[in-house]
Amino acid sequence: MTERIQEFLRNRRSEGLDTEPCLVVDLEVVRDNYQTFSKALPDSRVFYAVKANPAPEVLSLLASMGSCFDTATVAEIEMALAAGATPDRISYGNTIKKERDIARAFALGIRLFSVDCAAEVEKIARAAPGAKVFCRILYDCAGAEWPLSRKFGCDPEMAVDVLDLAKRLGLEPYGISFHVGSQQRKVKAWDRALAMASTVFRDCAERGINLSMVNMGGGFPTKYLRDVPPVVQYGRSIFRALRKHFGNQIPETIIEPGRGMVGNAGIIETEVVLISKKSDEDEVRWVYLDIGKFGGLAETMDESIRYAIRTPHDGAEMTPCVLAGPTCDSADVLYEKMPYPLPVTLEIGDKLLIEGTGAYTSTYSSVAFNGIPPLRTYHI
Ligand code: PLP
């Protein structure tokens with residue numbers, strides 16, 4: 001946790017404003033992260049994945065530093081434009097779009113769209129004539145703690161047909177994209193995906209389609225409980241893979257970091273509401289916080305994302321606890337299959353700090369389930 005966040009939380013407490021949980025994001029950390037990505041992958045353009053944290057302060061900072069933006073909806077496009085990005089620095093990277101949203105994006109000046117099937121290409125040809133498209137290919141995401149499953153992308157062989165159709169319908173077949181899975185701990189995960197992308201490049205070239213760009217997605221991890229390799233190691237490994245699969249004809253490349261850009265910039269402060277046991281013999285305590293799955297911690301869904309939690313009693317003896325949120329939904333439990341060790345001296349009213357919560361938290365916070373207001377956020 002940075003000094004700036006510590007001081008902010010101290011002041012908030014001293015003014016008696018700490019009655020609800022909050023997320024505090026240190027923009028200096030976001031600034032450092034952007035510079036780290038730019039240095040580690042100097043030949044790739046950064047398209048920040050807006051979904052990770054679309055706060056105007058984050059978007060304006062990144063826009064001022066020269067970042068481009070990967071967006072998933074018209075609303076995100078409008079946020080990126082409002083933050084100062086020009087349309088040529090914005091991609092509409094969701095493979096699932098309504099035709100009227102494509103038309104709206106096109107009217108806003110967006111010319112770069114993702115696709116993964118013929119039907120989506122047809123929509124774009126009608127609603128965004130002449131636009132550039134890149135086709136997302138499927139990837140199995142092994143090694144990722146938050147895999148993105150088979151929901152997005154198509155087989156590489158099909159990608160060639162999809163891009164061929166794009167050309168025939170007057171679009172510009174621009175490139176290939178993939179995502180190696182979020183919180184990807186393996187620095188080598190991009191190697192096989194780039195091998196697949198290079199095959200599509202060659203197969204397209206045989207049909208007279210010359211692709212220009214590989215979008216290497218997000219996946220760069222942030223530190224939760226376990227350490228993760230530094231971005232520079234990902235950069236080196238990706239560069240080696242590009243040389244291996246594209247030789248000296250490396251195409252234009254894009255990266256779309258979300259979690260890796262903002263995750264470690266944020267801390268959530270939460271309060272212990274209740275500590276109890278389910279029977280006198282139980283060893284495991286239930287610790288209920290004033291934030292849970294519906295307050296922003298949705299990524300604990302299958303317990304794969306394990307946040308680091310600091311308490312005022314760090315250093316004391318620890319025992320396993322089930323950690324749960326405050327709402328009346330019994331699904332609002334954060335860690336139960338793998339109970340979370342917390343100090344035996346933990347007390348009701350203690351403030352806990354949940355680290356690495358700058359990404360995929362504030363946007364998952366629901367509007368007033370059980371009358372609990374959405375997560376209060378501060379960007380400092
Ligand atoms: N790009 C696309 C198309 C995505 O869907 C996502 C996440 O869902 C990202 C980038 C960001 O991924 P990450 O947060 O793992 O960097």
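Everything numeric in this text was worked out from a predicted model, so none of it was measured.

Conventions we followed
Residues numbered from 1 in each chain as written. Predicted model: local features only at pLDDT ≥ 70, side-chain atom pairs only at ≥ 80, totals over all residues. Heavy atoms only, no water. Helix = DSSP H or I, 4+ residues; strand = E, 2+ residues; numbered from the N terminus. Rg over C-alpha atoms; globule rule 2.2 N^0.38 Å. Buried < 20%, exposed > 50% of the residue type's maximum accessible area, 1.4 Å probe, protein only. Phe/Tyr/Trp six-rings, centres within 6.5 Å; stacked < 30°, edge-to-face > 60°. Domains from an automatic or database assignment. Contact = heavy atoms within 4.5 Å. Buried area = accessible area lost by both parts, 1.4 Å probe. Salt bridge = Lys/Arg side-chain N within 4 Å of Asp/Glu carboxyl O. Polar contact = N/O pair within 3.5 Å; in protein donor to acceptor, adjacent residues only side chain to side chain. Nonpolar A, V, L, I, M, F, W, Y, C, P; charged D, E, K, R; others polar. Axes fitted to C-alpha atoms, helices over the stretch in contact; angles between N-to-C directions. Left-handed = near helix turned anticlockwise from the far one by under 90°.

### A short note on the overall build of the protein chain
Part 1 of the argument: Within the protein chain one finds ten helices and 18 strands.
Part 2 of the argument: Computed over the C-alpha atoms, the radius of gyration of the protein chain is 22 Å, within 12% of the 21 Å expected from 2.2 N^0.38 for a compact globule of 380 residues.
Part 3 of the argument: Summarising its shape, the C-alpha atoms of the protein chain cover approximately 70 × 40 × 35 Å along the three principal directions.
Part 4 of the argument: Counting every position in the protein chain, which comprises 380 residues, the buried fraction comes to 55%.

### Comments concerning the packing of aromatic side chains
Working definition: an aromatic ring pair is given by the centre-to-centre distance plus the angle between the planes.
Part 1 of the argument: As enumerated under the stated definition, the model contains 13 aromatic pairs in all.
Part 2 of the argument: On the numbers, 5.9 Å between centres and 40° between planes, the contact of tyrosine 92 with phenylalanine 113 is tilted. Taken together, the residues tyrosine 92 in strand S4 (residues 90–92) and phenylalanine 113 in strand S5 (residues 112–115) connect sequence positions 21 residues apart. Both residues of the pair, tyrosine 92 and phenylalanine 113, count as buried.
Part 3 of the argument: Both rings, one in phenylalanine 201 and one in phenylalanine 246, keep their centres 5.2 Å apart while their planes meet at 80°; by these two values the pair is edge-to-face. Taken together, the residues span a long stretch of sequence, with phenylalanine 201 in helix H8 (residues 189–206) and phenylalanine 246 in helix H9 (residues 231–246) at a distance of 45 residues.

### Some details on the domain arrangement of the protein chain
Part 1 of the argument: Under the domain assignment used here, the protein chain contains domain 1 (3–23 + 264–379) and domain 2 (93–257).
Part 2 of the argument: On a C-alpha basis, the centres of domain 1 and domain 2 stand 36 Å from each other.
Part 3 of the argument: Listed per partner, the contact involves 14 residues of domain 1 and eight residues of domain 2.
Part 4 of the argument: Note on domain 1 versus domain 2: buried area summed over both sides is about 880 Å², and carbon and sulfur give 60% of it.
Part 5 of the argument: Inspection of the domain 1/domain 2 interface yields zero salt bridges.
Part 6 of the argument: At the junction of domain 1 and domain 2, the tally comes to three residue pairs in polar contact (both at pLDDT 80 or more).
Part 7 of the argument: Of the residues assigned to the side of domain 1 that touches domain 2, the class counts are seven nonpolar, three polar and four charged.

### Notes on the environment of aspartate 350
Part 1 of the argument: By the element assignment, aspartate 350 lies in the loop between strand S16 (333–343) and strand S17 (351–355).
Part 2 of the argument: When the C-alpha positions of aspartate 350 and leucine 289 are compared, they lie 9.7 Å apart, and in sequence the two are 61 residues distant.
Part 3 of the argument: In this view, aspartate 350 contacts Thr270, Glu271, Val272, Pro312, His313 and Thr345; residues no more than four positions away in its chain are not counted.
Part 4 of the argument: Side chain to side chain, aspartate 350 and histidine 313 meet in a polar contact 2.6 Å long.
Part 5 of the argument: Polar side-chain contacts of aspartate 350 include one of 2.8 Å to the backbone nitrogen of glutamate 347.

### Quick notes on the environment of glycine 93
Part 1 of the argument: Structurally, glycine 93 is set in the loop between S4 and helix H5 (99–107).
Part 2 of the argument: Counting along the chain gives 43 residues from glycine 93 to arginine 136, while the straight-line C-alpha distance between them is 9.3 Å.

### Points about the packing of helix H2 (residues 27–40) against helix H3 (residues 56–64)
Part 1 of the argument: For the pair H2 and H3, interaxial distance at closest approach is 10 Å and the crossing angle is 35°. Viewed along their axes, H2 and H3 form a crossing whose handedness is right-handed. Along the contact surface, H2 presents Leu27, Val30, Arg31 and Tyr34, while H3 presents Glu57, Val58, Leu61 and Leu62.

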